[in-house]
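Here are the chains, one letter per residue:
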Amino acid sequence: MPNDLKTRAIDSEKITINLFPVDLGQIDLLVQQGFYANRTDLIRTAIRNQLQLHADVVRQTVTRDKLVLGVQHYTRADLEAVQAAGEALNIRVLGLASIGTDVSPELAAATIHSIAVLGALHASPAVKAALKGRIS
């Protein structure tokens, strides 16, 4: 795998959750009382607290499973270099794996053996379709 793969800043990912009305009411009360700026602020804080609580498990798993932690971006040039070397990638990311818009479905299929992403995968619909059986 190329060592010079580029990373880039990303925006947050949107998720949807379902809450019981009483829980939502308690969140609104804490926001109203000024403990948090808004619902999102409380939910992000709660998630970060839980992630911090389990940080050792995350670190151990990243190491054991040889995951890239953070953002891993693959461009056409990156994948062409892999192809020229006669290699194939096994992409394993905890965070965001991104395949550039300049990557054709054929190039992705020829150079990516497997993709395992805990987080988000950004790629064109055509590239995702070409890799359908290889994404877990």
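Since the model is a prediction, treat every value here as computed from it, not as a measurement. (Residues numbered from 1 in each chain as written. Predicted model: local features only at pLDDT ≥ 70, side-chain atom pairs only at ≥ 80, totals over all residues. Heavy atoms only, no water.)

Peer 1: Sorry, what's going on with helix H1 (residues 21–32) here?
Peer 2: Structurally, the α-helix is built with 3.6 residues per turn, so residues lying three or four positions apart point the same way. End to end, H1 covers 16 Å across twelve residues, agreeing with the expected 16 Å (1.5 Å per residue, within 8%). Immediately beyond the C-terminal end of H1, within one or two residues, lies Gly34, with a positive phi of roughly 90°. (Helix = DSSP H or I, 4+ residues; strand = E, 2+ residues; numbered from the N terminus. Expected span 1.5 Å × (residues − 1).)

Peer 1: Explain the pattern of salt bridges to me, please; I cannot follow it from the model alone.
Peer 2: Note on pairing: side chains with opposite charge can pair once their charged atoms come close. Tallied over the entire structure, the rule returns four salt bridges. Residues Asp28 and Arg39 are paired through a salt bridge, measuring 2.7 Å at the closest nitrogen-oxygen approach. Of this pair, Asp28 sits in helix H1 while Arg39 sits in helix H2 (residues 39–53), placing them eleven residues apart in sequence. (Salt bridge = Lys/Arg side-chain N within 4 Å of Asp/Glu carboxyl O.)

Peer 1: Is there a simple way to think about the sheet that holds strand S2 (residues 89–99) in this case?
Peer 2: Strand pairs in the sheet, formed through backbone hydrogen bonds, run parallel or antiparallel to each other. What the three strands build is an open sheet, ordered S1-S2-S3; its pairing is parallel. Either end of the sheet is taken by a strand with one partner, and the two such strands are strand S1 (68–74) and strand S3 (112–122). Neighbour-to-neighbour, the strand axes of the sheet open up by a mean angle of 45°, direction not taken into account. Here S1 pairs with S2 via seven bridges, running parallel. Each residue of the ladder has a partner; that of Gly70, found in S2, is Gly95. Its contacts with the sheet place helix H4 (residues 76–84) against S1, S2 and S3, and it is angled at close to 90° to S1. (Pairing = 2+ DSSP bridges. Axes fitted to C-alpha atoms, helices over the stretch in contact; angles between N-to-C directions. Contact = heavy atoms within 4.5 Å.)

Peer 1: So what exactly am I meant to see when it comes to the confidence of the model for the chain here?
Peer 2: A low pLDDT score tells you not to read the predicted coordinates there in detail. Averaged over all residues, the pLDDT of the chain equals 91, while 93% of them reach at least 70. Every residue in residues 1–9 is under pLDDT 50, and counting partners more than four places away or in other chains gives 18 contacts. (pLDDT = per-residue confidence, 0-100.)

Peer 1: Before we go on, may I ask you to explain the nonpolar core in this structure?
Peer 2: A general trend in soluble globular proteins is that nonpolar side chains are found buried together. Leu79, Ile91, Ile99, Ile112, Ile115 and Leu131 are the most contacted members of the largest nonpolar core, which has 18 residues in total. Contributing elements (two or more residues each) for this core: H4, S2, helix H5 (105–111) and S3. In terms of residue count, the dominant contributor to this core is S2 (five residues). In this structure Leu131 touches Ile99, Ala108, Ala109, Ile112 and Ile115, once residues within four positions along its chain are discounted. (Core = buried A, V, L, I, M, F, W, Y, C linked by side-chain atoms within 4.5 Å. Buried < 20%, exposed > 50% of the residue type's maximum accessible area, 1.4 Å probe, protein only.)

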